[in-house]
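Examining the three-dimensional arrangement
Single-letter residue listing:
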Amino acid sequence: MKQEVKEFEGHKDAVLVVQWHPFKEEIFASACQSGQISFWKQNYGKLHDIKQAHHKNVWSIDWHPTGTMLASTGNDQKVRFWGLCKPYEERKLPPLPVL
């Protein structure tokens, strides 16, 4: 029989998606109905929040293979990319060129 190993609390609404970091086994990200994305360390807890990543539901998150960027989609009909210095530090990216 399987049993729960650990529980993480910190979202204020229903969690919709969880993704493990591609090569840092102890890091994962989660997203919820309020539009928040959170970064966690398995043996520590919450590291960082992006409070308003999207307006309401965040439907999908996925790490870039290098682990330095996270993509997210939400109810606001936008795809957003979050540049990260480390898996839990938000970094400002230069604007993308208009094609």
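In this report, we go over the structure that sits alongside the text.

What counts and what doesn't
- Residues numbered from 1 in each chain as written.
- Predicted model: local features only at pLDDT ≥ 70, side-chain atom pairs only at ≥ 80, totals over all residues.
- Heavy atoms only, no water.
- Helix = DSSP H or I, 4+ residues; strand = E, 2+ residues; numbered from the N terminus.
- Buried < 20%, exposed > 50% of the residue type's maximum accessible area, 1.4 Å probe, protein only.
- Polar contact = N/O pair within 3.5 Å; in protein donor to acceptor, adjacent residues only side chain to side chain.
- Phe/Tyr/Trp six-rings, centres within 6.5 Å; stacked < 30°, edge-to-face > 60°.
- Contact = heavy atoms within 4.5 Å.
- Pairing = 2+ DSSP bridges.
- Axes fitted to C-alpha atoms, helices over the stretch in contact; angles between N-to-C directions.

**What to know about the environment of Trp 82**
Within the secondary structure, Trp 82 is located in strand β7 (residues 79-84). Among the residues examined, Trp 82 registers a relative accessible area of 13% and is labelled buried. The spacing of Trp 82 and Ala 53 is 29 residues in sequence and 9.0 Å in space, taken between C-alpha atoms. At a separation of 2.9 Å, a polar atom in the side chain of Trp 82 contacts the side chain of Ser 72.

**What about the packing of aromatic side chains?**
As enumerated under the stated definition, the model contains three aromatic pairs in all. Between Phe 28 and Trp 40, the aromatic rings sit 6.1 Å apart at their centres with planes inclined by 10 degrees, giving stacked as the arrangement. Of this pair, Phe 28 sits in strand β2 (residues 27-32) while Trp 40 sits in strand β3 (residues 37-41), and the two are 12 residues apart along the sequence. Ring plane angle 65 degrees and centroid distance 5.9 Å describe the contact between Phe 39 and Trp 63, whose orientation is recorded as edge-to-face. In this pair, Phe 39 is assigned in strand β3 and Trp 63 in strand β5 (residues 58-63), connecting sequence segments 24 residues apart. Per residue, the accessibility class of Phe 39 equals that of Trp 63, and both read buried. Every member of this aromatic cluster is reached through a ring pair, and the members are Trp 20, Phe 28 and Trp 40.

**What to know about the side chain of Asp 76**
Examined against the element boundaries, Asp 76 turns out to sit in the loop between β6 (69-74) and β7. A distance of 3.3 Å separates the side chain of Asp 76 from the backbone nitrogen of His 55, its partner in a polar contact. In this structure, Asp 76 is in contact with His 54 and His 55, ignoring residues within four places of it in sequence.

**Let's talk about the sheet that holds β3**
Pairing is antiparallel across the open sheet formed by four strands, whose spatial order is β1-β2-β3-β4. Single-partner strands in this sheet number two, and they are β1 (15-20) and β4 (45-50). The average angle at which neighbouring strand axes cross in this sheet is 25 degrees, direction not considered.

**Quick notes on the side chain of Ser 38**
With respect to the helices and strands, the residue Ser 38 is situated in strand β3. Among the polar contacts made by the side chain of Ser 38, one reaches the side chain of Gln 36 at a distance of 2.8 Å. Not counting residues up to four positions away in its chain, the partners in contact with Ser 38 are His 11, Phe 28, Ala 29, Ser 30, Lys 46, His 48 and Asp 49.

**Focus on the environment of Trp 63**
Given the relative accessible area of 7%, Trp 63 is considered buried. In this structure, the C-alpha to C-alpha distance between Trp 63 and Phe 81, residues 18 residues apart in sequence, is 9.6 Å. Of note is the side chain of Trp 63, whose polar atom sits 3.3 Å from the backbone oxygen of Gln 19. For Trp 63, the side chain forms a polar contact with the main-chain oxygen of Trp 20, separated by 3.3 Å.

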